[in-house]
Every structure is written in C-alpha cells, then in structure tokens.
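Residues per chain, in single letters:
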Amino acid sequence: SKGWSAVVDGSYQTIIYEVDGHTATITLNRPEALNALSPFMITELRTAYDAAESDDEAWLLIVTATGRAFCTGADVTEIPEDGKVINERAYLSTYEQWEAPQEGTPPFRRMAKPVIVAVNGICCGAGLDWVTTGDIVIASDQATFFDPHVSIGLVAGREMVRLARVLPRSVALRMAIMGKHERMTAERAYELGLITEIVPHDRLLARAHEIADTVNRNAPLAVRGTRLAVIKGREIPTHEAEMLAEAFRERNLHTEDSLEGPKAFLEKRAPNWQCR
C-alpha cells in the first residue's frame with residue numbers, strides 16, 4: 001500500500017487530508033453515515049480544498065471515500081425543517097447563500113489544480129457533483145450511480161443540470177425521474193462516458209495514484225492552463241474559447257518550465273519541473 005509520509009493532518013473529523021509527494025488526497029470518512037454530507041463535513045471539505053489549492057507542493061488532488069459508499073448526498077437528518085441551510089452567518093447575509101448550493105463540490109470554477117475522483121461505492125444525489133465536475137473520474141467495479149431526490153419529495157436541482165451536460169438528455173432525465181428505484185452500474189457509466197475507467201475494487205486508490213503520478217510527470221502549470229482552457233471554454237462560444245485558450249498558452253510561455261520542456265527533449269532526458 002502507498003505510504004503517507006509527507007503530511008497527515010489529524011485536525012479533521014469527517015474527512016482525512018493527506019499529502020504525499022505532489023498529490024493531495026481527501027478521503028470522505030463518515031462510513032457509518034454512508035458519507036452523507038453534514039454541514040460540518042462541508043465546512044471541513046472547503047477547508048481542505050483551500051489547503052490543497054494553496055499548497056505549492058501539491059500539484060493535484062484526489063477525492064475518494066471510505067466504506068461501501070462514496071457519498072449519498074446531503075445528510076437528511078441535519079436538514080432544518082424551514083429549509084434554510086445551516087450556516088454560522090445570518091440567513092441570506094452572504095453571497096454563498098444566494099448561490100446554487102455547492103455542498104461537497106470542489107470549487108472547480110476557481111481552482112487551478114486538477115481533481116481526480118475515485119468512486120468507491122454508492123454515489124448519489126450531491127455525490128454526483130464530484131463525478132460531473134471532476135477532471136478524471138474512475139470508479140470501483142462495485143460503484144453505482146443514481147439520484148434519489150424525487151423519491152424523497154425533492155426537486156433534483158443543480159445535480160441534474162450538471163448531469164444533463166455530461167450525459168445524453170434522455171439518459172439524464174431517466175436518472176432524474178426514476179429516482180432511487182433505478183441504479184446505473186459502473187459498466188453503464190463507463191459506456192456513457194460518465195467515468196473513464198472501471199477498476200477492481202481493491203485497486204481503486206492505487207490506480208488513482210498511478211494516474212496522479214502520470215499527470216504529475218507533465219509540466220504542472222501547463223496542466224493547469226490546459227484544464228482551465230477546457231473548463232472555461234465550455235461555457236462560451238467556440239471562437240472565444242479558442243482565444244481564451246491561446247491567452248492561457250501565451251501566459252505559460254513566460255514560465256521557466258516552458259523553457260525546460262523543449263530543452264529536456266533536445267537533451268534526451270526527463271524534464272525537471274519547477275512549477276514556476
């Protein structure tokens with residue numbers, strides 16, 4: 001098994017945050033609650049995302065979970081009767097409270113570093129947010145995917161809006177209105193492109209780290225610029241997306257790593273990336 005020697009932060013209660021080499025790993029760790037998202041867990045996740053993004057040594061983030069579930073969405077035992085999101089600040093006093101609820105979603109629109117998602121088991125409701133916003137998504141052969149909102153009397157919100165941009169319309173709608181009564185297997189998710197790889201269950205984390213190590217062999221700033229070009233470009237017309245991607249490419253030309261890559265190629269050696 002992979003050793004966690006660099007950093008292990010024991011200050012978290014509902015997640016595990018570890019850094020090994022250039023890879024940070026967040027592990028959802030409420031297996032007794034099927035990793036349902038409590039308000040406290042959401043706060044810890046946001047702290048960990050910020051820690052990974054601000055750590056210059058961490059080039060990439062893996063998200064996975066313990067137990068038989070990846071994440072089963074919001075913890076219904078902690079939803080207040082008036083429907084107001086539990087928050088330390090006064091209701092509707094902050095921009096975040098006016099936004100679409102993000103719950104466990106990584107801040108994928110504003111973070112630069114890539115996210116690998118390793119789905120270990122049941123993934124539903126808000127758990128699907130990692131699948132639709134992650135950069136590389138792999139899954140255990142035991143993983144299943146569904147959305148239970150309509151089965152418990154709730155409208156499927158941003159989760160299904162995101163899913164309908166990843167899956168064909170009719171497939172997304174089928175998942176949305178079948179609710180908890182139909183589950184998508186890992187095999188079907190792979191066929192549809194929802195995930196990129198099915199892994200034997202006991203090799204899931206090891207495979208996630210193999211992928212992370214491969215990504216980290218590339219120039220980290222170039223990886224971030226490429227990722228941002230794709231993510232930002234999907235939301236604007238093609239020509240504007242091309243121009244934005246070119247702007248990111250030109251910014252990267254001002255880095256030391258952009259000189260190191262061609263130099264290493266000519267010298268027939270592995271590049272020594274400095275991330276600057």
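The structure this text deals with has already been given above.
What you see is a predicted model, and the numbers here were worked out from it, not measured in a lab. (Residues numbered from 1 in each chain as written. Predicted model: local features only at pLDDT ≥ 70, side-chain atom pairs only at ≥ 80, totals over all residues. Heavy atoms only, no water.)

## Here we look at the pairing of strand S2 (residues 15-20)
- Within S2, 5 of the 6 residues are buried, which leaves it mostly tucked inside the rest of the structure.
- By the bridge criterion, 6 bridges tie S2 to strand S3 (residues 23-28) in an arrangement that is antiparallel. The residue of S3 that forms the bridge with Ile16 is Thr27.
- What sits between S2 and S3 in their antiparallel hairpin is a turn of 2 residues, with Gly21 showing a positive phi close to 65 degrees. (Buried < 20%, exposed > 50% of the residue type's maximum accessible area, 1.4 Å probe, protein only. Helix = DSSP H or I, 4+ residues; strand = E, 2+ residues; numbered from the N terminus. Pairing = 2+ DSSP bridges.)

## Some details on the packing of helix H8 (residues 220-233) against helix H9 (residues 238-252)
- Relative orientation of the contacting elements H8 and H9 amounts to 165 degrees, with a least axis distance of 9 Å. Here H8 is positioned roughly antiparallel relative to H9, judged by the angle of their axes. Viewed along their axes, H8 and H9 form a crossing whose handedness is right-handed. Contact residues: H8 offers Leu221, Ala222, Gly225, Leu228, Ala229, Lys232 and Gly233, while H9 offers Ala241, Leu244, Ala245, Phe248 and Asn252.
- Among the residues making up the contact of H8 with H9, the classes are represented as 8 nonpolar, 3 polar and 1 charged. (Axes fitted to C-alpha atoms, helices over the stretch in contact; angles between N-to-C directions. Parallel < 35°, antiparallel > 145°, perpendicular 65-115°, else oblique. Left-handed = near helix turned anticlockwise from the far one by under 90°. Contact = heavy atoms within 4.5 Å. Nonpolar A, V, L, I, M, F, W, Y, C, P; charged D, E, K, R; others polar.)

## Brief notes about the sheet that holds strand S7 (residues 122-124)
- Read across the sheet, 4 strands follow the order S5-S7-S9-S10 without closing on themselves; strand pairing throughout is mixed. Strands with a single pairing partner mark the edges of an open sheet, and in this sheet they are strand S5 (69-71) and strand S10 (184-185).
- The sheet contact formed by S5 and S7 spans 2 bridges and is parallel. Counterpart to Ala69 in the pairing with S7 is Ile122.

## Notes on the pattern of salt bridges
- The final tally for this structure, using the stated rule, is 18 salt bridges.
- The partner of Arg158 in a salt bridge is Glu159, and the shortest N-O contact between them spans 3.2 Å.
- Note on Arg158: relative accessible area 13%, which makes it buried.
- Connected via shared salt-bridge partners are Glu103, Asp129, Arg158, Glu159 and Arg162. (Salt bridge = Lys/Arg side-chain N within 4 Å of Asp/Glu carboxyl O.)

## Some thoughts on unusual backbone geometry
- Of note, the phi angle at Leu34 is positive, near 55 degrees, even though the residue is not glycine.
- Secondary-structure assignment places Leu34 in the loop between S3 and helix H1 (39-54).
- Given the relative accessible area of 23%, Leu34 is considered partly exposed.
- Phi at Asn35 takes a positive value of approximately 55 degrees, unusual for a residue other than glycine.

## Side note on the environment of Asp55
- With respect to the helices and strands, Asp55 occurs in the loop between H1 and strand S4 (60-65).
- Taking the relative accessible area as the measure of exposure, Asp55 reaches 23% and is therefore partly exposed.
- Distance in space between the C-alpha atoms of Asp55 and Thr196 is 27 Å, their sequence separation being 141 residues.
- With near-sequence residues (within four places) excluded, Asp55 lies in contact with Val19 and Lys113.

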